[in-house]
Amino acid sequence: MPLVNINVWRGMSEDLIDQIHQATHACLVQAWGIPKDGGFYLITERPKAWMRINRTMWGIERSHHPPILLQITSSPRSRELKTTFYQLMAEELMRLGLRKEDLFISITPSNPEDWSFGNGIAQLLEQPKN
């Protein structure tokens, strides 16, 4: 189950923030097979002056519109799963009327022992017994 930080400009409508959250979760369900009823999302609104992003980088021309930055901490995922998620997320943002050029995603892998979902135990270390 990934931990997702969604960073947006302060002042973005709550409805749009909800749509971005729902789109992110739907894309993770589709691309990575995470549970539909799961998810850990932190949504942070930042003043425009605190999100300093180069307008041109890697041949991408960003706009003056609000950027969407996703920081995801997750168990290791394959290259294919990551790139599938990137593509799905870009498509979903365009469906919401946002520009795919204004989407930035960073994924940080972690190990099973790096997670505790409650009760003071590392659930990902527990293997089902056959």
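Before reading on, note that the structure itself is shown above.
Residues numbered from 1 in each chain as written. Predicted model: local features only at pLDDT ≥ 70, side-chain atom pairs only at ≥ 80, totals over all residues. Heavy atoms only, no water.

Student: Sorry, what's going on with the pairing of strand 6 (residues 103-109) here?
Tutor: Along any regular strand, the residues point their side chains to alternate faces of the sheet. Two strands pair when backbone bridges link them, and strand 5 (residues 68-74) and strand 6 are joined in this way by 7 bridges, in the parallel orientation. Within the sheet, the bridge partner assigned to Leu70 lies in strand 6 and is Ile105. Of the crossover connections in this fold, the one passing from strand 5 over helix 2 (residues 79-95) to the parallel strand 6 is right-handed. (Pairing = 2+ DSSP bridges. Helix = DSSP H or I, 4+ residues; strand = E, 2+ residues; numbered from the N terminus. Right-handed = clockwise from strand over helix to strand, strands pointing away.)

Student: Looking at this model, I keep getting lost on the side chain of Ser74. Mind explaining?
Tutor: Structurally, Ser74 is set in strand 5. The residues contacting Ser74, other than those within four sequence positions of it, are Pro2, Trp32, Thr108, Pro109, Ser110 and Trp115. (Contact = heavy atoms within 4.5 Å.)

Student: Would you explain the side chain of Arg77 in this entry?
Tutor: With respect to the secondary-structure elements, Arg77 resides in the loop between strand 5 and helix 2. Although buried, Arg77 forms no salt bridge, and the nearest oppositely charged side chain, Asp114, lies 13 Å from it. A distance of 2.9 Å separates polar atoms of two side chains, one belonging to Arg77 and the other to Ser74. Among residues more than four places away in sequence, those in contact with Arg77 are Met1, Pro2, Trp32, Ile34 and Lys82. (Buried < 20%, exposed > 50% of the residue type's maximum accessible area, 1.4 Å probe, protein only. Lys, Arg positive; Asp, Glu negative; His and termini not counted. Salt bridge = Lys/Arg side-chain N within 4 Å of Asp/Glu carboxyl O. Polar contact = N/O pair within 3.5 Å; in protein donor to acceptor, adjacent residues only side chain to side chain.)

Student: I keep staring at the packing of aromatic side chains and nothing clicks. Help me out?
Tutor: As enumerated under the stated definition, the model contains 3 aromatic pairs in all. Considering the side-chain rings of Trp115 and Phe117, the 5.7 Å spacing of their centres and the 10° angle between planes classify their relative orientation as stacked. Overall, the relative accessible area of 11% leaves Trp115 in the buried class. Within the aromatic cluster, the residues linked to one another by ring pairs are Phe40, Trp115 and Phe117. (Phe/Tyr/Trp six-rings, centres within 6.5 Å; stacked < 30°, edge-to-face > 60°.)

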